[in-house]
Amino acid sequence: MARKAEPAQRQAVLNAVQKRSAITKLRRRLDDLAAFDPSSIRDRSDVRVTQLELRLEQAIDSIFPVGTVENNRYRSSASTLDRAGFNFGYDTPLHQIISGMERGKSRCIATIEAIISDFEEDLAGDNGENRESQVIAAYQGLELHPAIQEAASALYLDGHYAQAVEDAVKALNNVVRLKSGLMEDGNRLMNEAFKRNDPVLAFNELQDENDLSEQEGYMFMFKGAVSGLRNPRAHRLVSDDPERALEFIAYVSLLAKLAESAEKRAPND
């Protein structure tokens, strides 16, 4: 019987903002390593060693997800301090433990510095200000509706652009539900909440044809977000680039702010 092929390991894909954040985090870990003095160790089970190794592991895992090629490549070499051997029948002498800690510290530093160097080289093109990094920096400058910010931003900054857009519209759906008190979903919710005649949420006084046309136009904007942005991403694989996703999320945030500012009306008010 033929052996089942092992699944190929995935590579970690980081955008420019993530790489800059990783560099900052890794430099803090270098400071931790610089402050660690192996000669101060008096016992192999020193809690300082355990704590520092845990911080180093967490840093690598947060940058390169577990299961990626990079995590497997760097995790041990960037976080293992105790590199002294183990002896059977007697305890390892303290001087060997300290020597092993010194080797481990040097290897951790070398590995982390190599990762930082790779990231800095990646960012060096065009002074590190490529189009993607500019767009992501612009996203971080947006003043999004709080519900949209909570739903979409972590996904967006992790590079999951299509899911960020989808979750932003889901959050918009909830904003409209909460403001209107309706329990419908999607297009039916937007129809009922913002309909031209006798809406639950009104954007104006609904006194004349201009008011009614404006109300109807806003309704179609909300319906368009559901039909054009959420539904396709919920039912098939959609690939969004960072710029397009930024524009979609900013639009959804605007709708959320409009919904919040709309006046809730009693039927036939």
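Structure shown above.
Conventions adopted
- Residues numbered from 1 in each chain as written.
- Predicted model: local features only at pLDDT ≥ 70, side-chain atom pairs only at ≥ 80, totals over all residues.
- Heavy atoms only, no water.
- Helix = DSSP H or I, 4+ residues; strand = E, 2+ residues; numbered from the N terminus.
- Rg over C-alpha atoms; globule rule 2.2 N^0.38 Å.
- Buried < 20%, exposed > 50% of the residue type's maximum accessible area, 1.4 Å probe, protein only.
- Contact = heavy atoms within 4.5 Å.
- Areas by Shrake-Rupley, 256 points an atom, 1.4 Å probe, with all protein chains shown as cover.
- Phe/Tyr/Trp six-rings, centres within 6.5 Å; stacked < 30°, edge-to-face > 60°.

Engineer: Help me out: how do you make sense of the overall build of the chain in this one?
Structural biologist: What the chain contains, in helices and strands, is 10 helices and 2 strands. If you list the helices and strands of the chain from N to C, you get α-α-α-α-α-α-α-α-β-α-α-β. The C-alpha atoms of the chain give 27 Å as radius of gyration, which overshoots the globular expectation for 269 residues (18 Å, by more than 25%). In the chain, buried positions account for 42% of the 269 residues. Contacts in the chain between residues far apart in sequence, at least 24 positions, make up 67% of those at least 6 positions apart. As displayed, the chain offers around 15100 Å² of accessible surface, 49% of which is attributable to carbon and sulfur atoms.

Engineer: I keep staring at the packing of aromatic side chains and nothing clicks. Help me out?
Structural biologist: Aromatic ring pairs are reported here in terms of the distance separating the ring centres and the angle at which the planes meet. Scanning the model with the defined rule gives 8 aromatic pairs in all. Consider the rings of phenylalanine 203 and phenylalanine 222, whose centres lie 6.1 Å apart with planes at 25°: the pair is stacked. Of this pair, phenylalanine 203 sits in the loop between strand E1 (201-202) and helix H9 (209-235) while phenylalanine 222 sits in helix H9, and the two are 19 residues apart along the sequence. Phenylalanine 222 matches phenylalanine 203 in its accessibility class, with the two residues each being buried. Here a set of aromatic residues connected by ring pairs shows up, and it is made of Phe194, Phe203, Tyr218 and Phe222.

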